[in-house]
Structure formats: structure tokens, C-alpha cells
Amino acid sequence: IVGLPEYTMEEVAKHDSLQNRIWVSYHSGVYDITDFIPLHPGGTKILMAAGGSLEPFWEMYAVHKKDEILAMMEEYRIGNLRAEDRGYATANMADPYAAEPKRHHIFQPRSMKPFNAEPPLSLLVDSFITPNELYFIRNHLPVPEVNPEEYELEISGIGIKKEVVLTLEELKTKFPKHTITTTIQCAGNRRSEINKIKKVKGLDWGSAAISTAQWSGARLLDVLKHAGADVEHKDIKHIEFEGLDTDPAHQPYGASVPAEKALDPNADVLLAYEMNGEEIPRDHGYPVRAIVPGVVGARNVKWVGRVVLTDEESHSHWQRRDYKGFSSSCDWDTADFDKAYSIQELPVQSAICVPSDGATVSTVSGAVKAKGYAWSGGGRKIIRVDVSIDQGKTWINAKLNQDDSSIYRSWAWTLWEADIPLPENTKPGTQVEVICKAVDSSYNVQPETFEPLWNIRGVLATAWHRVTVTIE
Ligand code: MTE
Ligand code: MO
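Residues numbered from 1 in each chain as written. Chains lettered and ligands numbered in written order. Predicted model: local features only at pLDDT ≥ 70, side-chain atom pairs only at ≥ 80, totals over all residues. Heavy atoms only, no water.

The next subject is the domain arrangement of the protein chain. Split into domains, the protein chain comes out as domain 1 (6-85), domain 2 (108-320) and domain 3 (349-471). In this complex, domain 2 contributes 37 residues to the contact, which on the side of domain 3 involves 37 residues. In total, domain 2 and domain 3 occlude about 3,000 Å² of area from one another, counting both sides; carbon and sulfur atoms represent 61% of this. On the domain 2 side of the interface with domain 3, the three residues burying the most area are Val125, Phe128 and Arg190, jointly 24% of the side's total. Linking domain 2 with domain 3 are 2 salt bridges. Salt-bridge contacts for lysine 371 lead to aspartate 126; the nearest nitrogen and oxygen are separated by 3.7 Å. In this structure, the connection of domain 2 to domain 3 is made through 22 residue pairs in polar contact (both at pLDDT 80 or more). Secondary structure elements with two or more residues in the side of domain 2 that touches domain 3: α4 (121-124), β12 (178-185), α6 (191-195) and β13 (210-219). (Domains from an automatic or database assignment. Contact = heavy atoms within 4.5 Å. Buried area = accessible area lost by both parts, 1.4 Å probe. Salt bridge = Lys/Arg side-chain N within 4 Å of Asp/Glu carboxyl O. Polar contact = N/O pair within 3.5 Å; in protein donor to acceptor, adjacent residues only side chain to side chain. Helix = DSSP H or I, 4+ residues; strand = E, 2+ residues; numbered from the N terminus.)

Counting 78 residues, the largest nonpolar core has Ile155, Leu171, Trp215, Phe241, Leu271 and Val307 as the members making the most contacts within it. A domain-level breakdown of this core finds at least three residues from each of domain 2 (108-320) and domain 3 (349-471). Membership of the second largest hydrophobic core comes to 21 residues, among which are Ala418, Leu422, Val434 and Ile471. (Core = buried A, V, L, I, M, F, W, Y, C linked by side-chain atoms within 4.5 Å. Buried < 20%, exposed > 50% of the residue type's maximum accessible area, 1.4 Å probe, protein only.)

Let us look at the side chain of arginine 191. Here arginine 191 shows up in helix α6. No salt bridge is formed by the buried arginine 191. Its closest oppositely charged neighbour is aspartate 322, at 6.2 Å. Within polar-contact distance, the side chain of arginine 191 engages the backbone oxygen of leucine 203 at 2.8 Å. With residues near it in sequence (within four places) discarded, arginine 191 still touches Val200, Lys201, Gly202, Leu203, Asp204, Trp205, Gly206, Arg457, Gly458, Val459 and Ala461. (Lys, Arg positive; Asp, Glu negative; His and termini not counted.)

Attention shifts here to the layout of surface pockets. A volume near 550 Å³ is recorded for the second largest pocket. In terms of lining residues, the second largest pocket is bounded by 29 residues, among which Glu193, Lys196, Asp357, His465 and Arg466 are the most central. Those elements giving two or more residues to the lining of the second largest pocket turn out to be β7 (108-111), α4, α6, β20 (349-354) and β28 (465-471). Tallying contributions element by element places β28 first for the lining of the second largest pocket, with 4 residues. Classifying every residue of the lining of the second largest pocket by side-chain character gives 11 nonpolar, 9 polar and 9 charged. When residues of the lining of the second largest pocket are sorted by domain, at least three fall in each of domain 2 (108-320) and domain 3 (349-471). (1 Å grid on protein atoms, 1.4 Å probe; cavity = no way out; pocket = protein on both sides within 12 Å on 5 of 7 lines; lining within 4 Å. Points joined across faces, edges and corners; volume = space filled by probe spheres on them. Nonpolar A, V, L, I, M, F, W, Y, C, P; charged D, E, K, R; others polar.)

Close to ligand 1 lie 19 residues; Phe136, Asp245, His284, Arg289 and Lys302 are nearest. A distance of 2.9 Å separates an oxygen atom of ligand 1 from a polar atom in the backbone of histidine 140. Computed on the free molecule, ligand 1 has an accessible area of 530 Å², of which 100% lies beneath the protein chains in the complex. Put simply, ligand 1 lies in the largest cavity. Among the secondary structure elements, those contributing two or more residues to the shell around ligand 1 are β9 (137-138) and β14 (238-246). Of the residues that constitute the shell around ligand 1, the class distribution is 9 nonpolar, 6 polar and 4 charged. (Near = heavy atom within 4 Å. Areas by Shrake-Rupley, 256 points an atom, 1.4 Å probe, with all protein chains shown as cover. Sits in = over half its atoms within 2 Å of the grid points.)

What follows is about the sheet that holds strand β8 (residues 116-118). Spatially, β7-β8-β9 is the arrangement adopted by the 3 strands of the open sheet, whose pairing is antiparallel. A strand with exactly one partner marks an edge of an open sheet, and here the two such strands are β7 and β9. Inspection of the sheet shows β7 paired to β8 by 3 bridges, in the antiparallel sense. The residue of β8 that forms the bridge with serine 111 is asparagine 116. (Pairing = 2+ DSSP bridges.)

Attention now goes to a negative patch on the surface. Negative charge collects at one region of the surface, where Glu149, Glu150, Glu152 and Glu169 lie side by side. Among the secondary structure elements, glutamate 150 is positioned in the loop between β9 and β10 (152-157). (Patch = residues over 30% accessible without salt bridge, like charges linked within 9 Å, V, L, I, M, F, W, Y side chains within 5 Å. Charge placed at Lys NZ, Arg CZ, Asp CG, Glu CD.)

Turning our attention to the sheet that holds strand β19 (residues 304-310). Overall, mixed pairing links the 5 strands, which are arranged β11-β10-β19-β14-β15 in an open sheet. Each of the sheet's edge strands pairs with one partner strand only, and the pair in question is β11 (164-167) and β15 (252-258). On average, adjacent strands in this sheet sit at an angle of 20 degrees to one another, irrespective of strand direction. Here 6 bridges tie β14 to β19, and the two strands are oriented antiparallel to one another. Across the sheet, glycine 243 pairs through a bridge with valine 304, a residue of β19. (Axes fitted to C-alpha atoms, helices over the stretch in contact; angles between N-to-C directions.)

Dropping the structure here:
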């Protein structure tokens with residue numbers, strides 16, 4: 001841009017703190033982003049690029065490469081980068097996504113780099129166990145390449161004198177193999193419905209950011225005891241899991257779970273190495289993944305390389321600056337991430353998977369057939385699913401397909417089916433709105449509308465699910 005001063009990369013590098021102001025470069029531009037930092041949807045992560053080039057970060061978080069973001073950036077432009085310095089950051093940079101696994105073409109991607117995708121909703125309810133190839137994928141970073149021969153699980157923290165290291169082979173052979181069936185749901189499942197009320201920040205998930213699998217592995221508790229941990233130690237407040245996937249500043253994905261949950265012998269927390277009887281696919285955490293049943297997807301850390309017993313929550317961005325709920329009156333200026341609670345157990349949820357929204361449906365003996373899923377966090381079992389076609393004035397009970405788990409330890413979803421009788425003389429071409437809502441074993445219910453649930457990140461979207469269909 002003509003008329004603006006020219007800077008060298010060296011000059012940009014001097015502006016790497018709030019005191020000196022924060023500068024970054026991108027292609028030919030130099031930008032002073034100090035005033036943008038409080039507005040950045042990704043929070044203070046942007047500081048990783050302070051005093052340097054944005055290119056490697058935007059390769060990693062490719063959502064940024066959009067015209068509207070580039071246009072917005074120009075507002076912060078203060079100069080031009082010296083020609084010799086341009087492209088210097090990317091010249092020798094390999095695409096961090098070059099080694100991603102192959103994925104099924106049927107997925108509906110919500111972002112490519114990192115890869116995030118959900119299977120078609122109608123397929124999801126065709127089987128109680130989601131096939132590995134169709135299991136929804138939520139990656140924050142590139143999928144790491146882990147050599148099973150070199151894999152190490154490190155265990156450290158309060159009460160463990162010297163870090164304990166286990167190989168994959170040891171994890172598989174030293175501990176009893178424990179198998180559970182559990183559903184994992186992303187906190188952002190159904191965000192697209194919240195988005196319709198007022199735009200939120202996050203991937204525009206439909207209703208299929210949820211899947212169910214049988215996971216096998218060692219119990220976390222067995223592994224920690226083997227490592228010499230005193231699991232009764234009163235200073236152990238949280239168990240932290242660190243992934244082997246890292247960002248350009250080499251920070252790993254991480255999350256933590258309160259110790260009462262992670263160390264509860266009835267909580268079935270696993271360091272899993274099998275998914276549906278096979279090695280865990282790369283996208284889902286090969287070779288080892290933390291499975292924390294009943295707890296939000298974000299804490300089920302994939303590619304787990306380290307477990308830490310600590311007295312505080314994980315310092316990871318995703319524990320402290322994301323995956324938190326706020327009131328619908330709270331905006332990005334007023335949200336206090338330090339005060340807000342991390343999402344752990346999820347609230348009761350359900351969705352209609354068949355028919356699809358907007359479909360034309362045929363009737364059988366004057367009834368419409370609907371199918372869907374219902375699930376609640378914390379092991380609370382689904383005890384009822386209600387379906388209505390008159391805006392909730394009357395409801396019929398769906399038939400439930402569920403496992404025989406107890407009401408306190410119900411990790412897997414419930415699939416449901418209902419034949420909903422239409423009023424007599426319903427004419428072909430009539431539009432009908434089908435609604436579902438579920439009740440869990442604590443008699444928690446889903447709220448009717450999204451308005452009171454709206455929040456800046458669009459998480460915890462659990463209002464009644466509705467699809468509109470046309471009668472054939
Ligand atoms: N673990 C690591 N290491 N890295 C990640 O990006 N994403 C989390 C969680 N574990 C993530 C992770 C989130 S937000 C969710 S919803 C689940 O993994 C998704 O698991 P899936 O991809 O197997 O469906
Ligand atoms: Mo998630």
C-alpha cells in the first residue's frame with residue numbers, strides 16, 4: 001500500500017508485548033493488532049504470533065483465510081514489509097496438514113484445516129454403535145503422526161516422585177482390559193440452531209456432532225495406582241490430559257477433569273487403545289485416548305501422551321478460554337473466562353434424525369415415523385422421549401432402544417422411534433412440525449427455545465429439536 005512506511009522483520013520482532021505494542025506481518029503487510037486482541041474470537045492465542053509472521057498460524061488455523069478477515073485486517077495496517085522479508089516465514093514450511101488421514105466422502109465437513117465433520121444425521125441412528133468410519137471428527141490441530149514403537153505415556157504430578165513412563169505394549173499388557181460403550185458429544189453440537197437467533201463464534205455444527213462407540217483400554221485408576229500415585233491425596237484436585245497434537249508454538253492440546261470424577265472407580269475413565277474392537281483410527285486418537293464417559297467431548301483427549309495429577313485445572317486454551325458457558329446477556333467484552341465454570345458433564349439432549357428437516361414424508365396408517373437419539377451427561381439415563389406435532393400441546397412417548405445400564409452409570413445414548421398419528425383428514429401437502437424432547441433420570445428436561453440458552457460460543461444447544469416436513 002503506497003504511502004505507508006516500510007519495515008523489516010527485525011523491526012516487527014521488537015513489537016512482541018503489550019508494552020511495546022503487538023505487531024505482526026502477513027504477506028506484504030505489517031499490522032499493529034494491539035487494539036484487536038480483546039476482540040479476537042480465539043482470545044489471547046493470537047499473542048503466539050506477536051512480533052512475527054501470521055502465515056504459519058493461518059496455515060494451522062485456516063479459518064482465517066477469508067476475504068472478510070483480510071479486509072478487517074487492513075484496518076490495522078501500519079506499513080509494508082520489506083520485500084526481502086516477505087514469505088520468509090513460509091519459505092521452508094511444510095503444510096502442517098500434509099499427513100492427514102483419508103476420510104469417508106460421506107462426511108459433511110464443517111472445516112477442512114483442521115478437519116471437522118459430521119456424518120449425515122439420518123445415518124447416525126441406523127446403528128447403536130457408530131462405525132469408526134462415520135464417527136464425527138472434531139480436531140483443533142493437525143492429526144499427529146505417532147509411531148506405536150516410540151509412543152510413551154508419561155505420568156507425573158502430585159505424589160509421584162519420579163515421572164513414570166509406559167509404552168503402548170505395557171499399557172496393553174500390564175492392566176486388565178476394560179470395555180465400555182459411551183457416547184461422546186461436542187459442546188458445540190446443534191450450534192447452527194443457536195446461530196439462527198444471533199450469530200455466535202464457532203463451527204456451524206448440525207445435530208450429528210455426537211457418536212457412540214465401544215472403547216477398550218486400561219482403567220485410568222489402575223494406571224495411576226501402578227505409577228505409585230496416592231489417589232486419596234487431598235491436594236489432587238484435577239487430572240490433566242495432554243495430547244500429542246501441537247500448535248505452531250509447540251503447545252499441545254490439553255484438558256482436565258476434576259479428580260472426584262476422573263478417579264471415581266464407578267466413572268469408568270479409560271486410557272483406551274481400541275475403538276469398536278480395532279486400533280483407534282488416527283482421527284480419533286491413535287494410539288491412546290482418554291475416555292471420560294458422560295463428560296463433554298473436549299475432555300476426552302485424543303493422542304494422550306501425558307497424564308498429570310494437579311491441584312489446578314489444565315492451563316490449556318481449551319480448558320481456560322473455551323468450552324465455557326455464559327448467560328445470553330453476556331458479550332465478548334463482558335465474558336469473564338476466569339470466573340466461568342469449565343463445561344464438564346453435559347445437559348440432557350435429543351434430536352430427530354429421521355425425517356430430515358424439509359423432507360417430504362409418506363405416512364403409514366395415517367402416521368409419520370420419526371427416529372432420533374437422546375443422551376444426557378454424567379451417566380444420567382434417558383427415561384423418556386416425548387414427541388409432538390401440535391407445538392407441544394400434546395405429546396406421545398417414543399419407543400426407546402437402550403442398553404441395560406443403571407440410572408447413574410448410563411454412558412451410551414438412547415435411540416428412539418415413534419409413529420406419530422396425524423389428525424384425520426390431513427391433506428397431502430400439509431406442513432407439519434415434529435418436535436422432540438428428552439427426560440433424564442434426574443428428571444432434567446430440555447428447554448423449549450434457544451433464546452434463553454443463547455451464548456457467545458453457541459455451546460450447550462439443547463432446546464427442543466424441531467423438523468418441518470411436508471406430507472406426501
Ligand atoms: N483431543 C486432542 N488431543 N485434540 C483435539 O483437538 N478435540 C476434542 C476431543 N479431544 C480434541 C481432543 C473435542 S472438542 C471433541 S468434541 C472430541 O475430541 C471429538 O472426538 P472425535 O473427533 O473422536 O469425535
Ligand atoms: Mo468439541
